[in-house]
Amino acid sequence: MEDNKVTPLNHLNSKEDFLRRVQTADSVFLPRDVFEALYLSPERNVPGDLRKKFGNPTPAALIGFVMSATPYAAANMGWRGAGGDLKTPLMVPKGTFLLRVYLRMTDSVPYSPTMIFFGGILQILGAIGEWILGNTFSMCLFFTYGTFWIVAGTQLVPWFGVGVQYSTTGDNFHGMTEPAYFATVGFYYVSLAMITTIFAICALRTNVVFFSALFTLIFAFGCAAGAFWHLALGNADTGNKLTIAAGAFTWALTMMVWYLLAVQLLECVDFPLTLPVGDLSGFIKGKSERAAKKVAGSANDSGS
């Protein structure tokens, strides 16, 4: 009978055995490469334990991006007639999505809600979640691109009247075909390319896939800016080619973001398969890590 007695947990050996068998949420440790793949940010010491209380907002924000950017890219390239097949003025290239939906409200109806709600609101909510968790870099990313999609969607809604001031007739969509409008929007895309360049440099501290996606996005915005400027000059053929190129770059980056989304969702459910992302955390050492290493080296030198 005594052999069947259970040893109390207040004994040292029983405690150690119990801790080996039961792992609590407080004891879970995320390696640096896993953290950066999940949050798309370098790991930083953030006060509190909010990451244990709230879910990871990054996958939701990525869903918002790919659900908007993927059909956007296909429409820019005119795949299977996406973007419409309308008879438009000579200065507006056939098969171009953004410029064609400016002319025909029927083209904007199916897609502008996707831009606003998936691309805009969902990413903004994700950015707020990143802000709560203290992930500054990913917060800036999702606020920036979430706002981009809201702007892209709302400018297709006549109520906002973004093209009225460029129109001689007071018609919103007519104003969006004026050279002055095209030239102005071109500088907007240049600004997007500039901020994305900064993001890409910062992403060198995360992983290869994320950096490659942002690097590709720079060219997508650059081609879009060139397309608008050529349209402002009346170069419809060149503008059309650049728009298709922008769609191709966007399609390439969406495939990378889809991959990152798969990585994160598989990790969230503890799937037995871990997809590689190419950890770059050891490629460029952080400033604090370099300083700590320098202090440790100085201490060793003084001790010897």
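Predicted model only: the values in this text are computed from it and were never measured. (Residues numbered from 1 in each chain as written. Predicted model: local features only at pLDDT ≥ 70, side-chain atom pairs only at ≥ 80, totals over all residues. Heavy atoms only, no water.)

Participant: Break down the packing of aromatic side chains for me, citing the residues and quoting the values.
Facilitator: Using the criterion set out here, one finds 21 aromatic pairs in the structure. Centre to centre, the rings of F148 and Y188 are 6.5 Å apart; their planes meet at 20°, and the pair counts as stacked. Here the residue F148 occupies a position in helix α7 (residues 136–154), and Y188 occupies one in helix α9 (residues 179–202), the gap between them amounting to 40 residues. When its relative accessible area of 5% is taken as the criterion, F148 is described as buried. Judged by relative accessible area, which is 32%, Y188 ranks as partly exposed. A ring pair is formed by F219 and F249, whose centres lie 5.5 Å apart and whose planes are at 25°; its orientation type is stacked. Residue F219 is found in helix α10 (residues 208–232), and its partner F249 is found in helix α11 (residues 236–268); the two are separated by 30 residues along the sequence. (Phe/Tyr/Trp six-rings, centres within 6.5 Å; stacked < 30°, edge-to-face > 60°. Helix = DSSP H or I, 4+ residues; strand = E, 2+ residues; numbered from the N terminus. Buried < 20%, exposed > 50% of the residue type's maximum accessible area, 1.4 Å probe, protein only.)

Participant: So what's going on with the nonpolar core? Residues and values would help.
Facilitator: Nonpolar side chains tend toward joint burial in soluble globular proteins. Counting 50 residues, the largest nonpolar core has F65, Y145, W149, Y189, L214 and F221 as its most contacted members. When contributions to this core are tallied by element, the ones reaching two or more residues are α4 (58–77), α6 (105–133), α7, α9, α10 and α11. Counting residues per element, this core draws most heavily on α10, at 14 residues. (Core = buried A, V, L, I, M, F, W, Y, C linked by side-chain atoms within 4.5 Å.)

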